[in-house]
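Here is how the chains run, residue by residue.
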Amino acid sequence: MASTPLARVPASGRRVARAAAWLSLLALVGAPELALAAPPGPGAWPDDEEEAVFDVPAPPTLPGLTRRDPTFTFEYTAAVLETDATSPAGGGSAFAWYSHGEMEMPLVPRKWFVGAVHDSAAASVPGVARSILLGSPELYGRGVWSSVRGLSSGGGFGVVMPVPRDVSPDEAEVLRTARVVRPWDETRFRDLTLTFRPWFDMRHITGPFIFQLRQGLDWSLVVRGLRSGERRTDIRAHTAFYFGYRIARPVGVGLELWEVYQLTEGLPDDKRATFAISPSVRFILANVQPALSVLLPITTPLRGDVASYYAARLSVGFSFPTDAPLPRP
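The rules we used
Residues numbered from 1 in each chain as written. Predicted model: local features only at pLDDT ≥ 70, side-chain atom pairs only at ≥ 80, totals over all residues. Heavy atoms only, no water. Helix = DSSP H or I, 4+ residues; strand = E, 2+ residues; numbered from the N terminus. Buried < 20%, exposed > 50% of the residue type's maximum accessible area, 1.4 Å probe, protein only. Contact = heavy atoms within 4.5 Å. Areas by Shrake-Rupley, 256 points an atom, 1.4 Å probe, with all protein chains shown as cover. Polar contact = N/O pair within 3.5 Å; in protein donor to acceptor, adjacent residues only side chain to side chain. Pairing = 2+ DSSP bridges.

All right, on to the overall build of the protein chain then. Along its length, the protein chain carries four helices and 13 strands. Residues counted as buried form 46% of the 329 residues belonging to the protein chain. Once local pairs closer than 6 in sequence are excluded, the contacts in the protein chain between residues at least 24 apart make up 63%. Summed over its atoms, the accessible surface of the protein chain is roughly 15900 Å², and 67% of this surface lies on carbon and sulfur atoms.

Written as structure tokens, this is what we have:
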């Protein structure tokens, strides 16, 4: 049957057609979650549908929530920092290095995990000193629920073990400078401080797109005698959001956004919140996933300890395949 030109359609029919088109547009704009509810599908690249849902590349900083195998992640960060004019460095440029190692073991593949973290930091501050400092170890456990529709959610609980430190005033200034480049984990460098770290995770996968969120609190307790002006307890919040896109089977790009907010420390309001942004590119190989990224502050760095900084990061994730049977989600 021949199509009818729009001009010959009665005015009432044209109005109905226009109304239907507008309603469809409003449905897409006002309810994007309907589009996000689609399963990953072939655009997620792996041939196996379960692999496309669960075994997706991890962000550079956040974990791969539903990995089935033991993993080890190593991250190395190098930064250039502009010190504050009131600091002992007198506003000169400092250099910092930060290494991060994390081992995670699945108790139940893709569901329950335990892990351990250890950091070290170093800096060279002009007019002060250069030194290497070891962080306190952190142990954690986490669990995650997942759907074949691409949605995962869960949470975890970590404990930073209190380790005594005997640092000189110069080493304290080096530490104050170095911890700026990874502000969400600064608590691992506190002296004899026990820190509890609860958090929750969410992730959604649709086609080649990955959205992941982690939000948590650090509650720190000093387990030694207090120094002048020091608090017994401290609470701070941290949030990380990751948006990733897999542009090809072996390559993915992404963007991380971080916020750290000091809830209890006696700081001016303009120094309580720290925001950082980190674009990245990741290469997805069989059992190795190297990533390159840069880290840039978009507001005041941690507590205003430095005036500004920029950093480059190399992150490498290793997986160790096992033949353990996988539970059905």
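The discussion continues.
This next bit is on the side chain of S220. The topology assignment puts S220 in strand β8 (residues 209–222). Residue S220 is classed as buried on the basis of its relative accessible area, which comes to 3%. Within the structure, the side chain of S220 is placed 3.0 Å from the side chain of T195, a separation counted as a polar contact.

Here we take up the environment of L213. Summarising the element assignment, L213 is placed in strand β8. Here L213 falls in the partly exposed class, since its relative accessible area comes to 23%. Through-space distance from the C-alpha of L213 to that of D201 is 5.7 Å; in sequence the pair is 12 residues apart. Dropping the residues within four chain positions of it, L213 is found in contact with F200, D201, M202, T239, A240 and F241.

Relative to strand β2 (residues 93–108), strand β1 (residues 71–83) runs antiparallel, the two sharing 12 bridges. Residue V80 lies in a different strand from β2, and its bridge partner there is F95. Where β2 lies against strand β3 (residues 112–125), 13 bridges are found, and the strand directions are antiparallel. Looking across to β3, one finds that W97 is bridged to A122. Linking β2 to β3, which pair antiparallel, is a turn of three residues; within it R110 sits at a positive phi near 70 degrees.

Attention now goes to unusual backbone geometry. A positive phi angle, near 70 degrees, is found at R110, a position not held by glycine. With respect to the helices and strands, R110 occurs in the loop between β2 and β3. We note that L192 has phi near 40 degrees; this positive angle belongs to a residue other than glycine. Within the fold, L192 resides in the loop between α4 (169–178) and β7 (193–206). Residue L192 is classed as partly exposed on the basis of its relative accessible area, which comes to 25%.

Time to look at α4. Those residues of α4 lying buried are E173, V174, L175, T177 and A178. Looking at the buried residues of α4, the elements they touch are β1, β2, β3, β4 (129–134) and β13 (306–319).

What follows concerns the environment of P297. Note on placement: P297 falls in strand β12 (residues 288–297). According to the relative accessible area criterion, P297 is partly exposed, its value standing at 21%. Counting along the chain gives 21 residues from P297 to A276, while the straight-line C-alpha distance between them is 4.3 Å. Here P297 is in contact with F275, A276 and Y309, once residues within four sequence places are set aside.

So, to be careful, I would describe these as geometric facts and stop short of saying anything about function.
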